[in-house]
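A look at the structure
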Amino acid sequence: MTDTARETMHYVRFESPHRNERGHFTGVFGLVNTLAREGKLTQRQERFRRTHNSWYDAAYADPSTIDPRVYDHRINPGAAAWFRSSAGHLLERVSGYLDILAAHGVACRRVCSTDPGRVVYEDDVQVVVVPYT
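Attention here is on the structure that accompanies the text. (Residues numbered from 1 in each chain as written. Predicted model: local features only at pLDDT ≥ 70, side-chain atom pairs only at ≥ 80, totals over all residues. Heavy atoms only, no water.)

Focus: the packing of helix α3 (residues 43-59) against helix α6 (residues 94-103)
One can describe the packing of α3 onto α6 by two numbers: an axis separation of 10 Å at closest approach and a directional angle of 150 degrees. If you check the angle between α3 and α6, you find them roughly antiparallel. Seen along the crossing, α3 lies across α6 with a hand that is left-handed. Each of Gln45, Phe48, Arg49, His52, Asn53 and Tyr56 in α3 lies in contact with α6, whose residues at this interface are Val94, Gly96, Tyr97, Ile100 and Ala103. (Axes fitted to C-alpha atoms, helices over the stretch in contact; angles between N-to-C directions. Helix = DSSP H or I, 4+ residues; strand = E, 2+ residues; numbered from the N terminus. Parallel < 35°, antiparallel > 145°, perpendicular 65-115°, else oblique. Left-handed = near helix turned anticlockwise from the far one by under 90°. Contact = heavy atoms within 4.5 Å.)

If you want it as structure tokens, here you go:
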């Protein structure tokens with residue numbers, strides 16, 4: 001994609017409003033997966049998480065399987081995935097994750113941008129960027 005075309009594209013990310021131990025904002029999937037690892041999800045929430053994580057895995061590529069360096073903290077510090085706003089079929093399923101976070105009192109915000117950072121990976125539904133400093 002050209003820089004001009006990228007500038008007119010809108011991107012969406014759901015993330016914690018609080019920085020994690022590395023100084024970055026954990027995304028919605030990471031927040032819910034953390035609750036699962038900590039054993040905090042109800043059976044219904046865990047079923048939702050597993051079913052929808054599997055759906056997302058099938059619906060779009062995991063950038064790190066295409067380029068293992070994408071999320072390498074030394075090469076791309078703070079790299080984070082953003083949905084393209086045109087990926088409505090992916091965005092519409094996020095609400096269930098947001099419901100789980102709300103039930104556990106975990107804050108999550110929606111962030112929109114036309115230029116979220118330096119692009120290190122892109123496909124038709126997402127970009128991974130290193131935020132500008």
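Thoughts on the nonpolar core
In terms of nonpolar packing, the biggest core is built from 21 residues, with Phe14, Val28, Phe29, Tyr56, Phe83, Leu90 and Tyr97 touching the most fellow members. Of all elements in the fold, only β1 (11-19), α2 (28-37), α3, α5 (88-91) and α6 reach the threshold of two or more residues within this core. Top element by residues in this core is α2. It accounts for six residues. Not counting the four nearest positions on each side in its chain, Phe29 is found in contact with Asn53, Tyr56, Tyr60, Phe83 and Tyr97. Residues Tyr11, Ala80, Trp82 and Val127 belong to the second largest nonpolar core, which totals six residues. (Core = buried A, V, L, I, M, F, W, Y, C linked by side-chain atoms within 4.5 Å. Buried < 20%, exposed > 50% of the residue type's maximum accessible area, 1.4 Å probe, protein only.)

A look at the environment of Arg50
Structurally, the position occupied by Arg50 is in helix α3. Look at Arg50 and you get exposed, because its relative accessible area is 55%. Sequence separation between Arg50 and Ala36 is 14 residues; the distance between their C-alpha atoms is 9.8 Å.

Here we look at the pattern of salt bridges
In the structure shown here, the tally under the stated rule is eight salt bridges. With a closest N to O distance of 2.6 Å, Glu46 and Arg50 form a salt bridge. In this pair, Glu46 and Arg50 both sit in helix α3, four residues apart, roughly one turn of the helix. The salt bridge involving Glu122 is made with Arg84; its shortest N-O contact spans 2.9 Å. With a gap of 38 residues between them, Glu122 in strand β5 (residues 118-122) and Arg84 in strand β3 (residues 80-84) connect regions that are remote in the sequence. Via salt bridges that share partners, Arg13, Glu15 and Arg109 belong to a single interconnected network. (Salt bridge = Lys/Arg side-chain N within 4 Å of Asp/Glu carboxyl O.)

Examining the packing of aromatic side chains
Going through the model one piece at a time under the given rule, you end up with nine aromatic pairs. Look at Trp55 and Tyr56: their rings are 5.1 Å apart centre to centre, the planes differ by 85 degrees, and that puts the pair in the edge-to-face class. Plain terms: the ring middles of Tyr56 and Phe83 are 6.5 Å apart, the flat faces sit at 40 degrees to each other, and that makes the pair tilted. Taken as a pair, Tyr56 in helix α3 and Phe83 in strand β3 lie far apart in primary sequence, 27 residues in all. Looking at Tyr56, the relative accessible area reads 3%, which means it is buried. Here the aromatic residues Phe29, Phe48, Trp55, Tyr56, Tyr60, Phe83 and Tyr97 are joined through ring pairs into a cluster of three or more. The residue whose ring lies beneath Arg93 is Trp55, and the NZ or CZ to ring-centre distance is 3.7 Å. (Phe/Tyr/Trp six-rings, centres within 6.5 Å; stacked < 30°, edge-to-face > 60°. Lys NZ or Arg CZ within 6 Å of the ring centre and 35° of its normal.)

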